[in-house]
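Geometric and topological summary
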Amino acid sequence: DVDHLALDIAGTINDGSDAVAPAALGSAYVFDWQKADWTEVNLTFGENVLPDPQRFVSPLGIVRVRYTFRPSGDASLNRFHVSRFDILIGGHAR
């Protein structure tokens, strides 16, 4: 059973800082296998925990994530460097 699922992101923005406003990195979409639809997740640097994680893991253990960087209206944030984009999953086997 899955009891923890998160998207863990590290990187820097234009000025080399890792400080970023909430949701400034845009959104990822994680596939909800129970609803057979994509669920939006607003991203920030660090661990972005997904609630009710078992719904995002298929019976075969597949997690589907899609992401495209779309800068917000803040023209100063027009690019960032990603040094890590991990899927963290925790739980126990039956």
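Above this text is the structure in question.
Here we summarise the structure given alongside this text. (Residues numbered from 1 in each chain as written. Predicted model: local features only at pLDDT ≥ 70, side-chain atom pairs only at ≥ 80, totals over all residues. Heavy atoms only, no water.)

Another point: the sheet that holds strand 5 (residues 65-67). Strand order in the open sheet formed by three strands is 3-2-5, with antiparallel pairing between adjacent strands. Looking at the sheet topology across the chains shown, the edges are occupied by strand 3 (37-42) and strand 5. For this sheet, the mean angle separating the axes of adjacent strands, direction not counted, is 30 degrees. Direction of pairing for strand 2 (residues 27-32) relative to strand 3: antiparallel, over a ladder of six bridges. Bridge pairing in strand 3 links V30 to T39. (Pairing = 2+ DSSP bridges. Helix = DSSP H or I, 4+ residues; strand = E, 2+ residues; numbered from the N terminus. Axes fitted to C-alpha atoms, helices over the stretch in contact; angles between N-to-C directions.)

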